[in-house]
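Architecture and fold: a report
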Amino acid sequence: MIPPEPALSLGRTIQLYLVDGTPNGLILATLKGWTGSVLLARNSTLSRLLQRPEAARTGVYILYGPDPNDELLPRAYVGEAEEIASRLPDSARKRAFWELAAVVTTSDESLTKGHVRYLEARLIQRAREVT
């Protein structure tokens, strides 16, 4: 029996905008043809992330860093909020392990509470699958 041919992979254009002009500052990632955006911040740049218009939107976020019990292992916390800026600071304060924060939202504000709860659950499920 001949195995089926793999589906053709379509290329994507990822645009990375260095908000602070450096790769160690805030980074805004977008895909051409997608209304979503991902904003990345380090621990030291979280306050600037929270001032961005994306942080006033509904979305999901991931706090990522080394596991405090074993620095060779990664640890992540996934959360969701109707307004990222109102919830992310408390989550970050309670989880000292994180070094990188990723916020996923949309430019057209089309995400609802139901959407982000679903995305949060799927991200948690995927994280459990790889551990």
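All of the points below concern the structure found in this document. (Residues numbered from 1 in each chain as written. Predicted model: local features only at pLDDT ≥ 70, side-chain atom pairs only at ≥ 80, totals over all residues. Heavy atoms only, no water.)

1. So, the layout of surface pockets
- The calculated volume of the largest pocket comes to roughly 270 Å³.
- If you go around the largest pocket, the residues you meet are Tyr64, Pro74, Arg75, Ala76, Tyr77, Val78, Ile124, Ala127, Arg128, Val130 and Thr131.
- Elements that contribute at least two residues to the lining of the largest pocket include exactly strand E5 (70-81) and helix H3 (113-130).
- When residues in the lining of the largest pocket are grouped by element, the largest group, 5 residues, is from E5. (1 Å grid on protein atoms, 1.4 Å probe; cavity = no way out; pocket = protein on both sides within 12 Å on 5 of 7 lines; lining within 4 Å. Points joined across faces, edges and corners; volume = space filled by probe spheres on them. Helix = DSSP H or I, 4+ residues; strand = E, 2+ residues; numbered from the N terminus.)

2. Observations regarding the side chain of Glu54
- Along the chain, Glu54 falls in the loop between helix H1 (46-50) and strand E4 (59-67).
- With relative accessibility at 8%, the residue Glu54 sits in the buried group.
- A polar side-chain atom of Glu54 sits 3.2 Å from a polar atom in the side chain of Arg52.
- With residues near it in sequence (within four places) discarded, Glu54 still touches Leu28, Ser37, Leu39 and Thr105. (Buried < 20%, exposed > 50% of the residue type's maximum accessible area, 1.4 Å probe, protein only. Polar contact = N/O pair within 3.5 Å; in protein donor to acceptor, adjacent residues only side chain to side chain. Contact = heavy atoms within 4.5 Å.)

3. Remarks on the side chain of Thr106
- With respect to the secondary-structure elements, Thr106 resides in strand E6 (residues 100-106).
- A polar atom in the side chain of Thr106 sits 3.2 Å from the backbone nitrogen of Glu109.
- Apart from the residues lying within four places of it in its own chain, the contact partners of Thr106 are Thr35, Gly36, Ser37, Arg57 and Leu111.

4. Quick word on the pattern of salt bridges
- In the structure shown here, the tally under the stated rule is 9 salt bridges.
- Between Glu54 and Arg52 there is a salt bridge, and its shortest N-O distance comes to 3.2 Å.
- A salt bridge links Arg57 to Glu109, with the nearest nitrogen and oxygen atoms 3.9 Å apart. Taken as a pair, Arg57 in the loop between H1 and E4 and Glu109 in the loop between E6 and H3 lie far apart in primary sequence, 52 residues in all.
- Exposure remark for Glu109: the relative accessible area of 58% places this residue in the exposed category.
- Put simply, Glu80, Arg87, Lys113 and Arg117 are held in one network by salt bridges that share partners. (Salt bridge = Lys/Arg side-chain N within 4 Å of Asp/Glu carboxyl O.)

5. Focus: the nonpolar core
- Formed by 17 residues in total, the largest nonpolar core has its most connected members in Leu49, Leu63, Leu88, Trp98 and Val103.
- Every element with two or more residues in this core is listed here: strand E3 (36-42), H1, E4, helix H2 (84-94) and E6.
- Ranked by residues supplied to this core, first place goes to H2 with 3 residues.
- Residues contacting Leu63, with those up to four places away along its chain left out, are Arg75, Ala76, Tyr77, Leu88, Ser91, Ala92, Arg95, Phe97, Trp98, Leu100 and Ala101. (Core = buried A, V, L, I, M, F, W, Y, C linked by side-chain atoms within 4.5 Å.)

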